[in-house]
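Tertiary structure, described
Residues per chain are reported as follows:
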2 protein chains.
Amino acid sequence: MKVIELKMTVTDSNDRDAEALRRELSERGIFLINLMSAPGSGKTTLLSRTITDLAGRADIAVMEADIASDVDAQRISALGAESVQVHTDGMCHMDAGMTRMGLAGMEGANGIVFLENVGNLICPAEFDTGAHKNVMILSVPEGDDKPLKYPLMFSRSDALVITKMDASPYFDFDIETVERRVKKLNPDILIFPVSAKTGEGMEAWESYILSEWEKSHA
Amino acid sequence: MKVIELKMTVTDSNDRDAEALRRELSERGIFLINLMSAPGSGKTTLLSRTITDLAGRADIAVMEADIASDVDAQRISALGAESVQVHTDGMCHMDAGMTRMGLAGMEGANGIVFLENVGNLICPAEFDTGAHKNVMILSVPEGDDKPLKYPLMFSRSDALVITKMDASPYFDFDIETVERRVKKLNPDILIFPVSAKTGEGMEAWESYILSEWEKSHA
């Protein structure tokens, strides 16, 4: 497990850079999934369970992006998966140039790579990282009003994973309200309610990842 | 309840602007508290209970800052407190100039004003809003590793409110670990564990607000 200090990419061509990175990764057989969420939504816990459940069925590596610390990369590394921690030089998002720098430090990656973007519901939605799929995570304790307050991220995501479903009885969180609000912003989005603790819904989420990965190199 | 569309302040003098705003507010008898947290940490729920509990003892108004929607300002307004919703033109934080614009729309504010900053643990920590106190909120479901990942905000805050304490039994959240990690970054910070649902800890938090407000115009 490495820690890489990134420098902010200064470029007005992020969309082109992202397009080029996406093509290049496809040619190398890498399928990049950009995971975005608020801090504390359970991204690393979801990934940990996904890696364990899919062991032997898919080769998974993880790039952890944070302002500071390497606790998440340590957790992933402890599972035996390749992981790299990148520090974003104070930036609240990853862009295509930064993603490219992080990937350069992952020699062993060969298959599915998850980019765990900086915990933030605003800035990451504005920058194409070069990923093949954008997945957003919303946890039950955050509340069902989030699609109203952060519409861009819900609009830009291919799938929404609703985590910590086991905590539903303790919070005012109406999943039908969330689904209605999200589909209004993004009718094509796929929604996966899960609990990485109890395993509820994990199979549907993992099948989605596997089938997208298979489609990508069919 | 109003909605104000702000434009990003373009200035390299935010620190000076913030200092000037703080002095001006003190002269007008306004005590401004900047509340910062991740999305979904329960800022509005904490404020709603605080406003209800302190009714008759303090004059409280609220400025809600978001990218979109006015759901939070509606909730505060329903309690009979003055509230204004500001939209940050896509920006992930408030600065002193934006705070000044928002305050200009709150003619009735006269006492304690809470600025509910944009839900984000990164950018708001970097910009002085002109507030007299900076208060950070961390909710139990977000996890006890947050001081490691977002050190700047914990370092810049005068007080930390730990919300959703009633949910502690359902999450891996060790409050002593959090306290140790936070005090290492910021030995002078005051920590208030609360549950706005059960009322646990609310009195200590509310006494702090009242005593700071009294000190400010002693």
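All values derive from a computational prediction rather than experimental measurement.

Another aspect to go through is the overall build of chain A. Summing up its helical and strand segments, chain A has eight helices and eight strands in all. Each principal axis of the C-alpha atoms in chain A carries an extent, and together these give about 45 × 40 × 35 Å. Of all 218 residues assigned to chain A, the portion counted as buried reaches 59%. If you take every contact in chain A between residues at least 6 apart in sequence, the share linking residues at least 24 apart comes to 75%. Looking at charge distribution, chain A has the averaged site of its 22 positive side-chain charges lying 3 Å from that of its 35 negative ones.

So, about the relation of the copies chain B and chain A. Rotating chain B by 180 degrees and translating it 0.0 Å along the rotation axis places it on chain A, where the RMSD comes to 0.0 Å. The two molecules are tied by a two-fold rotation axis, judged by turn and shift. A symmetric contact is evident, with 100% of the interface residues of chain B recurring at the interface of chain A.

The next subject is the environment of Arg28(A). Residues and elements named next belong to chain A. The residue Arg28 is located in helix H1 (residues 14-28) in this model. Given the relative accessible area of 46%, Arg28 is considered partly exposed. Placed 83 residues apart in sequence, Arg28 and Gly111 show a C-alpha to C-alpha distance of 9.0 Å.

So, on to the pattern of salt bridges. All names here are of chain A. A complete count under the given rule lists 20 salt bridges over all chains for this structure. A salt bridge links Arg22 to Glu19, with the shortest nitrogen-to-oxygen separation between them at 3.0 Å. A residue pair is termed a helical-turn pair when its members lie 3 or 4 positions apart in one helix, as Arg22 and Glu19 do in helix H1 at three residues. Among the residues examined, Glu19 registers a relative accessible area of 39% and is labelled partly exposed. Here Arg181 and Asp144 are joined by a salt bridge, their closest N and O atoms 3.8 Å apart. Highlighted residues: Arg181 in helix H7 (residues 175-185) and Asp144 in the loop between strand S6 (133-139) and helix H5 (146-149), separated in sequence by 37 residues.

Moving on, we come to the packing of aromatic side chains. Here a ring pair, both rings aromatic, is described through the centre-centre distance and the interplanar angle of the planes. Summed over the entire model, instances satisfying the criterion amount to ten aromatic pairs over all chains. When the ring of Phe192(A) is compared with that of Trp205(A), the centres are 6.2 Å apart and the planes differ by 65 degrees; the resulting orientation is edge-to-face. In this pair, Phe192(A) sits in strand S8 (residues 190-193) while Trp205(A) sits in helix H8 (residues 202-216), placing the two residues 13 residues apart along the sequence. Between Phe192(A) and Tyr208(A) the ring centres are 5.1 Å apart and the planes differ by 35 degrees, which places this aromatic pair in the tilted class. Here Phe192(A) is found in strand S8, whereas its partner Tyr208(A) is found in helix H8, with 16 residues between them in sequence. Each of the two residues, Phe192(A) as well as Tyr208(A), counts as buried. A network of ring pairs unites the aromatic residues Phe114(A), Phe192(A), Trp205(A) and Tyr208(A) as a single cluster. When the ring centre of Phe171(A) is taken as reference, the NZ or CZ atom of Lys197(B) above it lies at 6.0 Å.

Here the focus is the interface of chain B and chain A. Taken together, the contact between chain B and chain A spans 31 residues of the former and 31 residues of the latter. Of the roughly 2,500 Å² buried between chain B and chain A, counting both surfaces, carbon and sulfur atoms make up 62%. The interface formed by chain B and chain A holds two salt bridges in total. Here Asp72(A) ties to Lys149(B) by a salt bridge, and the two come within 2.5 Å at their closest N and O atoms. Between chain B and chain A we count six residue pairs in polar contact (both at pLDDT 80 or more) in total. Going through the elements one at a time, helix H3 (71-78) and helix H5 (146-149) of chain B are the ones with two or more residues in the side of chain B that touches chain A. If one sorts the elements of the side of chain B that touches chain A by residue count, H5(B) sits on top with three residues.

What counts, and where the lines are drawn
- Here the residue numbering is sequential within each chain, running from 1 through the sequence in written order.
- Naming scheme: in the order in which they are written, chains are lettered from A and ligands are numbered from 1.
- pLDDT decides what is reported in this predicted model: residues at 70 or higher carry local features, side-chain atom pairs at 80 or more are listed and counted, and totals for whole chains, interfaces and linings draw on all residues regardless.
- Hydrogens and water are ignored here; the side-chain numbers use all heavy atoms of the structure.
- Numbering of helices and strands starts at the N terminus; helices are DSSP runs of H or I of at least 4 residues and strands are runs of E of at least 2.
- For every residue, the accessible area obtained with a 1.4 Å probe (protein chains only) is divided by the maximum for its type, and the residue is called buried under 20%, exposed over 50%, and partly exposed between those limits.
- We call two residues contacting when some pair of their heavy atoms lies within 4.5 Å.
- In this tally, Asp and Glu contribute negative charge and Lys and Arg positive charge; neither His nor the terminal groups of the chain are included.
- The atoms used to mark charge sites are NZ of Lys, CZ of Arg, CG of Asp and CD of Glu.
- Each copy is superposed on the other by least squares, with the fit set by C-alpha atoms of residues at a pLDDT of at least 70 in both.
- By definition, a salt bridge exists where a carboxyl oxygen of Asp or Glu is found within 4 Å of a side-chain nitrogen of Lys or Arg.
- Note on ring pairs: Phe, Tyr and Trp rings are taken, using the six-membered ring of Trp, and paired if centres are within 6.5 Å. Classes follow the plane angle, with under 30 degrees stacked, over 60 edge-to-face and the rest tilted.
- By definition, being over a ring means that NZ of Lys or CZ of Arg is both within 6 Å of the ring centre and within 35 degrees of the ring normal.
- What counts as buried area is the accessible surface, traced by a 1.4 Å probe, that two parts surrender upon association, with contributions from both included.
- Think of a polar contact as two N or O atoms within 3.5 Å of one another; within protein, one of them needs to be a possible hydrogen donor and the other a possible acceptor, and neighboring residues in sequence only count if both atoms come from side chains.

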